[in-house]
Amino acid sequence: MNKTLWKIFFIALVAQLTSFWILAIPDTGHEWGKSFIFFCVSLVLLDKYGSTQKITNIILWILAGRLILELPMRIFDFMDCLPSFYITIVEITAIIAAGIYYKFRTAYVLIVITIIAVVLNTLIPPIWLKFVESVLHVSYS
């Protein structure tokens with residue numbers, strides 16, 4: 001294995017571990033915070049290593065670093081982890097969006113990514129919460 005890819009993996013893991021405090025921000029603040037962190041970390045890693053590594057490899061290793069601690073929990077107890085699954089979706093989308101922006105680097109792509117971020121981080125969370133409440137038969141309001 002390439003040492004650079006392991007470095008990318010551990011940087012993503014550290015970003016995940018050091019950003020847990022953002023989940024304490026109420027309403028949609030934690031979606032915005034986590035997606036912004038992972039978009040920026042991914043973009044920095046792509047800028048730094050994009051000339052020596054394939055973009056897809058970098059994205060996959062960032063995703064692996066982001067998901068390594070979460071996967072066992074989700075595999076063994078998915079339904080109890082369902083409320084927080086949306087954060088994972090938002091972060092994965094932010095990482096992929098950073099890869100798309102890095103590849104194309106146009107204002108149009110940035111505008112589309114911003115619109116997607118607004119929809120995912122502001123409009124969808126209340127809908128997700130209602131979905132989770134209906135599936136788990138609990139009330140989070």
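See the structure shown above.
Residues numbered from 1 in each chain as written. Predicted model: local features only at pLDDT ≥ 70, side-chain atom pairs only at ≥ 80, totals over all residues. Heavy atoms only, no water.

**Let's talk about the nonpolar core**
By size, the foremost hydrophobic cluster in this structure holds 26 residues, and its most contacted members are Ile-8, Phe-39 and Ile-62. Apart from the residues within four sequence positions on either side, Ile-62 is in contact with Ile-8, Ala-12, Ser-42, Leu-45 and Ile-95. Core analysis: the second largest hydrophobic core is formed by 6 residues, Leu-82, Tyr-86, Trp-128 and Val-132 among them. (Core = buried A, V, L, I, M, F, W, Y, C linked by side-chain atoms within 4.5 Å. Buried < 20%, exposed > 50% of the residue type's maximum accessible area, 1.4 Å probe, protein only. Contact = heavy atoms within 4.5 Å.)

**Re the side chain of Thr-88**
Secondary-structure assignment places Thr-88 in helix H5 (residues 82-104). Note on Thr-88: relative accessible area 4%, which makes it buried. A polar atom in the side chain of Thr-88 sits 3.3 Å from the side chain of Arg-74. Those residues in contact with Thr-88 that sit more than four places away from it in its chain are Arg-66, Leu-67, Glu-70 and Arg-74. (Helix = DSSP H or I, 4+ residues; strand = E, 2+ residues; numbered from the N terminus. Polar contact = N/O pair within 3.5 Å; in protein donor to acceptor, adjacent residues only side chain to side chain.)

**Some remarks on a nonpolar patch on the surface**
Residues Leu-17, Phe-20, Leu-23, Ile-68 and Leu-69 make up a contiguous nonpolar surface patch of about 440 Å² in total accessible area. Relative to the elements of secondary structure, Leu-23 occurs in the loop between helix H1 (3-18) and helix H2 (29-49). (Patch = residues over 30% accessible without salt bridge, like charges linked within 9 Å, V, L, I, M, F, W, Y side chains within 5 Å. Areas by Shrake-Rupley, 256 points an atom, 1.4 Å probe, with all protein chains shown as cover. Salt bridge = Lys/Arg side-chain N within 4 Å of Asp/Glu carboxyl O.)

**Observations concerning the packing of aromatic side chains**
Aromatic rings considered in pairs are described by the distance between their centres and by the relative angle of their planes. What the rule picks out here adds up to 9 aromatic pairs. Ring geometry for Phe-9 against Trp-61: centres 6.2 Å apart, planes inclined by 85°, an arrangement best described as edge-to-face. Of this pair, Phe-9 sits in helix H1 while Trp-61 sits in helix H3 (residues 55-67), placing them 52 residues apart in sequence. The residues Phe-9 and Trp-61 share a single accessibility class, namely buried. (Phe/Tyr/Trp six-rings, centres within 6.5 Å; stacked < 30°, edge-to-face > 60°.)

**Quick notes on unusual backbone geometry**
Located in the positive-phi region is Arg-105, a residue other than glycine, with phi close to 50°. Mapped onto the elements of the fold, Arg-105 is located in the loop between H5 and helix H6 (107-136). Take Arg-105: its relative accessible area is 43%, and that puts it in the partly exposed class.

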